[in-house]
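Architecture and fold: a report
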8 protein chains.
Amino acid sequence: MAELDHDRARRRGYAEAVFCEGKSPAQLRAIATALRERHADGAPAGARTLFTRADEERAAAILDVLPDARHEPEARLLAWPPEPPEPTGGLVVVACAGTSDLPVAREAELTARYLGRRTELVVDVGIAGLHRILARVDTLRRAAAIVVVAGMDGALPGVVAGLVSAPVVAVPTSVGYGASFQGMAALLTMLNSCAPGVGVVNIDNGYGGGHLAAQIAAPRPE
Amino acid sequence: MAELDHDRARRRGYAEAVFCEGKSPAQLRAIATALRERHADGAPAGARTLFTRADEERAAAILDVLPDARHEPEARLLAWPPEPPEPTGGLVVVACAGTSDLPVAREAELTARYLGRRTELVVDVGIAGLHRILARVDTLRRAAAIVVVAGMDGALPGVVAGLVSAPVVAVPTSVGYGASFQGMAALLTMLNSCAPGVGVVNIDNGYGGGHLAAQIAAPRPE
Amino acid sequence: MAELDHDRARRRGYAEAVFCEGKSPAQLRAIATALRERHADGAPAGARTLFTRADEERAAAILDVLPDARHEPEARLLAWPPEPPEPTGGLVVVACAGTSDLPVAREAELTARYLGRRTELVVDVGIAGLHRILARVDTLRRAAAIVVVAGMDGALPGVVAGLVSAPVVAVPTSVGYGASFQGMAALLTMLNSCAPGVGVVNIDNGYGGGHLAAQIAAPRPE
Amino acid sequence: MAELDHDRARRRGYAEAVFCEGKSPAQLRAIATALRERHADGAPAGARTLFTRADEERAAAILDVLPDARHEPEARLLAWPPEPPEPTGGLVVVACAGTSDLPVAREAELTARYLGRRTELVVDVGIAGLHRILARVDTLRRAAAIVVVAGMDGALPGVVAGLVSAPVVAVPTSVGYGASFQGMAALLTMLNSCAPGVGVVNIDNGYGGGHLAAQIAAPRPE
Amino acid sequence: MAELDHDRARRRGYAEAVFCEGKSPAQLRAIATALRERHADGAPAGARTLFTRADEERAAAILDVLPDARHEPEARLLAWPPEPPEPTGGLVVVACAGTSDLPVAREAELTARYLGRRTELVVDVGIAGLHRILARVDTLRRAAAIVVVAGMDGALPGVVAGLVSAPVVAVPTSVGYGASFQGMAALLTMLNSCAPGVGVVNIDNGYGGGHLAAQIAAPRPE
Amino acid sequence: MAELDHDRARRRGYAEAVFCEGKSPAQLRAIATALRERHADGAPAGARTLFTRADEERAAAILDVLPDARHEPEARLLAWPPEPPEPTGGLVVVACAGTSDLPVAREAELTARYLGRRTELVVDVGIAGLHRILARVDTLRRAAAIVVVAGMDGALPGVVAGLVSAPVVAVPTSVGYGASFQGMAALLTMLNSCAPGVGVVNIDNGYGGGHLAAQIAAPRPE
Amino acid sequence: MAELDHDRARRRGYAEAVFCEGKSPAQLRAIATALRERHADGAPAGARTLFTRADEERAAAILDVLPDARHEPEARLLAWPPEPPEPTGGLVVVACAGTSDLPVAREAELTARYLGRRTELVVDVGIAGLHRILARVDTLRRAAAIVVVAGMDGALPGVVAGLVSAPVVAVPTSVGYGASFQGMAALLTMLNSCAPGVGVVNIDNGYGGGHLAAQIAAPRPE
Amino acid sequence: MAELDHDRARRRGYAEAVFCEGKSPAQLRAIATALRERHADGAPAGARTLFTRADEERAAAILDVLPDARHEPEARLLAWPPEPPEPTGGLVVVACAGTSDLPVAREAELTARYLGRRTELVVDVGIAGLHRILARVDTLRRAAAIVVVAGMDGALPGVVAGLVSAPVVAVPTSVGYGASFQGMAALLTMLNSCAPGVGVVNIDNGYGGGHLAAQIAAPRPE
């Protein structure tokens, strides 16, 4: 099955990811150790590993083994080796509706950066005050791909998609209460967006949103 | 129980309503006949009856008995006596996102008018092209109550509520397909609106939306 | 975009709100500090800030910075400056079905008061003993807007709407168990209310319910 | 397994039932023929058969074979032999909220009567006008069991249970639209009733509601 | 409204109930104190109070004030005065499918007993081993009302209803995992029971199930 | 990828299947023609094709091209060549709760037979009358695999699994109404079965149920 | 608001779309007439209009006015002017799992082509026979964007995303029955895809899927 | 009812099971004591007991009484007597998609082994990298029954069923987040599997999956 070429993504500079939620600190320590040993004489160019959804306890276990990893607590993300690759391709803009959506937005932004894109973050541009997003239209229009992160009513991606011609990756968050049903309301809003050009990922999936945007904004194969 | 005063609403000029869906044409003919006989020597001032959700067959049965009733086929509504009352209170603006939402929007507008309010209708102002609703902000700000009708992503009421200080009555519609789940997506969006000042009614409930708006915009009791 | 006039609401006396759930005590301390500094020489008339959904730890962080803020622990609400504005407009009555619904009802009542309305609270008038709500009909009929808060079967708003001509703002609560599905049963009941004149807000959204009622009962623009 | 005594119910006077929905007219004709032949020399006392949910076409097929069966088109029910048994036990009152709930209410009432109870029907007593149900409290209090049939908000059974000490059998109906979700909203309301003493059956299950009420009001075994 | 006679239930011997979940120990202490003071010279015959869903902390608060109350920890129930009334009416049998359903079953049984019925408890008769329930048919057939408590597949009430002619009150429990959806699967099973004669109450509502059974088995008014 | 050996199933005697629902009569005619031409000089041993979910119009189109196909209208199934293979392996028993479940049960039975198993059908053994299924225990115990088909409460598979040691394949049907939610209630019941040994397939999936049972009862590879 | 530049998308060659479902033939005729008149002296380069979800009756109404429009009945799509633009940007591959998914897949493909991309269609590559999709890996890897259309289990997009490095746009379809819940099962599968790089659009939204893919594969702005 | 033969399963070598979740350590200690006493002079051949879903605290209580029980903490399972029976019948292969699914997979494997089958475990073969499962096809094809355990998109069982002719028992897990809805997404995917031959058990039900597979792979009765 070697011809299935499962290393292709990595060779093109995409980082591997370890989803930490549901793994014990001991398991993560083992994974980190294996990683360190595999690259004992220096990680090859482009071979990066992201640890996603790592709470403080899990992050500490990883840092124990890979003390030079970069740790972004708000995004619950660690990267090793710590420097992102030299950016290529187009700009990825990550916009989020409210400050509570920020952890997911940061996870998306850092993922895109570690997959090799330039990124910009636009925060607190929810639709309850339209002037905020309208004031950022120029930034949005410079993007090759836009990640829009929103909880509660989840209306921001549809508004953004109506303002730009770049593809929008919509990330619903579980921010909200009651009839937000842990993000399902925002998810449904995004799937029903009146404006075309919106692709949706799972609730709170900042990693997935950033990954897809990085693929969209990647330098064209040839 | 006479002191419960169930005629109070009518004396204040609110029309009675007959929900036609699920009633047979024969039943509606009987109701219309009883109504005509009750007011054989002319309907008293303010005593109006609305027939809601009347399809062509049911409308014909009613018109058979009350040939001078006003029939609005798009809104599936009939009113008898046909003239709305002299308007009092504040302005009710009804805004709708798409042309498919128009029947529900018209039902809301006519209900408010027959309950005694001045009304204006604003159509095709969905958020996929924000300039459309922004161009109508002046109209929206003249309203004492705004009914916003939207299907699919249901995002319009939240946008409107962020632009005005009047109360917004949100009416989700079943317009859409797939993950709109017959209007549930729009309903959830409206309940999770980031902007305060939005009260939601049942899916496709144009009558209820217009009624609530008419109550909000009513002349103050004293 | 200055013409979008996002300060309009505040100039008319509506308080700003900070939703504390999901914000860290440190973040709230920073927000409170910024607020204090902005109004170092006294808050301008009408410029009030509400902190909603603040548990004990978050309330302590805010009080640390704004020791003169008013703290209502049951409603999980803080207000600064502590005095509500001089009331204008109509009366807002807040009715709740059971004692477990009281925190949400109090949040609604205090919100309406800080937005400038007179308020009255009617408690423990659930429909299992109809005589309780019937005994309060006079109070209900004096209101320009009524907030009805109920969990479990959520039937109270529909009963109230049938007794009055003022608009009813229905707030479902997550009080209940089993097939109450964290308030969804009450929410659906309210959306399906047989009596017209009911606008529904999100589950447990006392702030939103009080805000909408305050808007409805506001003094008419002109 | 003869000792399982599956004929016990019939010997106590309970009718057998044939659910017609989903059976073809030919199948029903065959069932009716078998029934007629089994009782060629007269049905034994107490041996009654109810055909439930029979539309016009199915009813015609049954009447073809059993021309003396009693046919109640509104309730979509046929009974053979046509006379109900002499009533015993307590009174069963069937109350329904709106006229659209009437077919289900009639099915419940006729079922209880054919199972041997006296019945009374109370119609159009929805909670949007409380005076209607309050005016019938005396009738309700004479009942040994009360069936309450309601669609939309489904709030009537809880109100009735708070007014009486007899058990209430609640039958939600699919009457409504939008967020009634084909009767699910009414079902949930009834399951969450604040007043104890409410047992719920399936949506539109008038037969089941009448059957349970007839069992509750049955003469005590000894 | 005095003629609404809300004391009627109590005069007939039905206990009052205080739902403890969601009330603080301090609130419960206050309620218990008021109760003790109201009956300072001895509780009148028939005036009993049940405290339901009381965990250890809440039970301790109540026992602090009413040390002679009867406390049944498994059923999370307290009764004061501690002795149930002299039983009247028919027998209430409470059957439960598994040992995990026992707390709810005991709550149902004790409720029925404190409302004045004789009770019997039948445990561990789930349908995975049919011989267990078949061996108890004689007991079931002596009952005037049967409460059947079951989680997971919730199939037991339908099986029991097919074996007896008494009414069955079905209480779904949240026992289970995965696709039991906290009792919703059992609830739906019971609502769809093939055998007529099953009335369903809310998930885990042992109190409601016992109350309804006690009403069904009550001595006939006259 | 030839080594993936996708013809393996067919060589072992499993029939191919064409799902007719959603295909036009013209498309089915084309498929049947291709099939006939492929086997112009006689279908090889073991090469059978089943057409499933074929209504009258679709069946006619197929019979037009393959007039010697066997058509089972109740099961909505056609087989070509018409004779099932010589049976091998163990016995497959198909049991169904009610007569409305019969079409799905027959589809399961015929599928198992065309995949090469002996089959027996047991009908109308719903749990509302337990004596019916208990009377068939001997038949059930002779089976190597049992398919149990049930709608409404879906309780039969769990009862059967408690009586035998063979694997049970549970097929929920959409038979029912109201809270059966088109078979979801039955599906959940089966997934929550208290007795181990139940594997569930999709609602109304008689083909899948029969196929799985045929695989279970297949002669062991070697 | 002219600076919002809502014509930007069209100038870049994106077609306008008219969603025909829920519009009457008369309305569509009016829209087509307005379109024809606007471009009376020839449609400007790049100004194309797509009519989506047009059944036979609606298509006839449009062709009546615009007889030279291209009509693709399977995809329920019409385009006017009929020729797609000269393709630019990368290749869009549309893959679909089963033949029943073909109409949605064709809608996606034609949309992408009318928005200016080269397209290829890969059909009948469902995961029940993995060799089919593995045989097409070379085609998939030539794409700049891949649309994957699947109903039932919806597993194909995740498999494809694991084989390529281009972004995958997943379009769930309502193909299926029972627990497919009109496409919700497929939708959830796609949102939970283990492989990153999948953006999901609404159920049956071939237009939206093709549009997003065309944006992803567009020539880079500069 | 002795002829119902409920000991049959045990005589054929199937272990009894005690579901520990929801039982207190004290209850489990009592059950273990009863077990030890029943078999004071040695457990008879084939009489094994499995304790499932035992967390550390519950496991300690059981080991206190039965110190020689085998404890598998990852699978949360204890077995007493500790040795599995001599294997008979066919091979059971348990495959799982990700390492987070491993506890459920191990529970399935150990259950099958204690019911008397040979087992093999295949881990980390999720479909995001197809080469992993394709590399294990030989192992899969040696199985008489295959248990496939998967969370998130739940797509693995359908892929496996397309590669083998043995029956597949699918066990969805609650591994995932957001729109996985605690395993419901995986459950639906498995029920909608395009490949026939998949029987599904409850979410996280490793015990049930292993039990069913052991029955399928059992030596044929005669």
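Residues numbered from 1 in each chain as written. Chains lettered and ligands numbered in written order. Predicted model: local features only at pLDDT ≥ 70, side-chain atom pairs only at ≥ 80, totals over all residues. Heavy atoms only, no water.

A few words now on the environment of Leu191(H). Here Leu191(H) shows up in helix α8 (residues 184-191). Counting along the chain gives 16 residues from Leu191(H) to Val175(H), while the straight-line C-alpha distance between them is 17 Å. Excluding anything up to four places from it in sequence, Leu191(H) contacts Leu187(F), Val200(F), Val201(F), Asn202(F), Ala179(G) and Val200(H). (Helix = DSSP H or I, 4+ residues; strand = E, 2+ residues; numbered from the N terminus. Contact = heavy atoms within 4.5 Å.)

Listed by partner, the interface residues are 33 residues for chain G and 33 residues for chain A. Buried area between chain G and chain A, summed over both chains or domains, comes out near 2,800 Å², and the portion from carbon and sulfur atoms is 54%. When residues of chain G are sorted by the area they lose upon contact with chain A, Ser165(G), Leu191(G) and Arg220(G) head the list and together hold 24% of the total. For the interface between chain G and chain A, the tally reads zero salt bridges. (Buried area = accessible area lost by both parts, 1.4 Å probe. Salt bridge = Lys/Arg side-chain N within 4 Å of Asp/Glu carboxyl O.)

The tally for this structure, following the rule as stated, stands at eight aromatic pairs over all chains. A centroid spacing of 5.7 Å and a plane angle of 20° characterise the contact between Phe19(A) and Tyr177(H), whose relative ring orientation is stacked. In this pair, Phe19(A) sits in strand β1 (residues 16-19) while Tyr177(H) sits in the loop between β8 (168-172) and α8, so the two residues belong to two different chains. Judged by its relative accessible area of 14%, Tyr177(H) is buried. (Phe/Tyr/Trp six-rings, centres within 6.5 Å; stacked < 30°, edge-to-face > 60°. Buried < 20%, exposed > 50% of the residue type's maximum accessible area, 1.4 Å probe, protein only.)

In a structure, side chains of opposite charge can pair up when their charged atoms sit close to one another. Counted under the stated rule, the structure contains 88 salt bridges over all chains. For the salt bridge of Arg132(B) with Asp124(B), the shortest nitrogen-to-oxygen distance reads 3.6 Å. Across the pair Glu72(G) and Arg70(G) runs a salt bridge, and its minimum N-O distance is 2.5 Å. Judged by its relative accessible area of 14%, Glu72(G) falls in the buried class. Here the salt bridges do not stand alone but share partners, grouping Arg70(A), Glu72(A), Arg106(A), Glu109(A) and Arg113(A) into one network.

Mean pLDDT for chain A: 90, with 91% of residues reaching 70 or above. Among the prediction metrics, the complex's ipTM stands at 0.93, with pTM recorded as 0.95. (pLDDT = per-residue confidence, 0-100.)

It is worth spelling out the sheet that holds strand β2 (residues 49-52) of chain A at this point. Residue and element names in this part refer to chain A. Taken in spatial order, the four strands make up an open sheet running β1-β2-β4-β3, and their pairing is mixed. The outermost strands of the open sheet, each flanked by one partner alone, are β1 and β3 (70-72). Mean inter-strand twist for the sheet, computed between neighbouring axes without regard to direction, equals 15°. Where β3 meets strand β4 (residues 77-80), three bridges bridge the pair, whose relative direction is antiparallel. If you follow arginine 70 over to β4, its bridge partner there is alanine 79. (Pairing = 2+ DSSP bridges. Axes fitted to C-alpha atoms, helices over the stretch in contact; angles between N-to-C directions.)

Moving on: the sheet that holds strand β3 (residues 70-72) of chain G. Residues and elements named next belong to chain G. If you walk across this open sheet you meet the four strands as β1-β2-β4-β3, and the pairing is mixed. Looking along the sheet, the strands with just one partner apiece sit at the ends: β1 (16-19) and β3. Strand-to-strand twist of the sheet, defined as the mean angle between neighbouring strand axes without regard to direction, takes the value 20°. By the bridge criterion, three bridges tie strand β2 (residues 49-52) to strand β4 (residues 77-80) in an arrangement that is antiparallel. In the strand pairing of β4, leucine 50 is matched with alanine 79. Sheet strands in contact with helix α4 (residues 102-114) are β2, β3 and β4, and its direction is about 155° off that of β3.

Residue and element names in this part refer to chain D. Two elements in contact, helix α4 (residues 102-114) and helix α9 (residues 206-216), have axes whose closest approach is 7 Å; the angle formed by their N-to-C orientations is 35°. Both α4 and α9 take part in a crossing whose hand is right-handed. Taken together, the residues of α9 that come into contact with α4 (itself represented by Val104, Glu107, Ala108, Thr111 and Ala112) are Gly206, Tyr207, Gly210, His211 and Ala214. In terms of residue class, the contact of α4 with α9 is built from five nonpolar, four polar and one charged. (Left-handed = near helix turned anticlockwise from the far one by under 90°. Nonpolar A, V, L, I, M, F, W, Y, C, P; charged D, E, K, R; others polar.)

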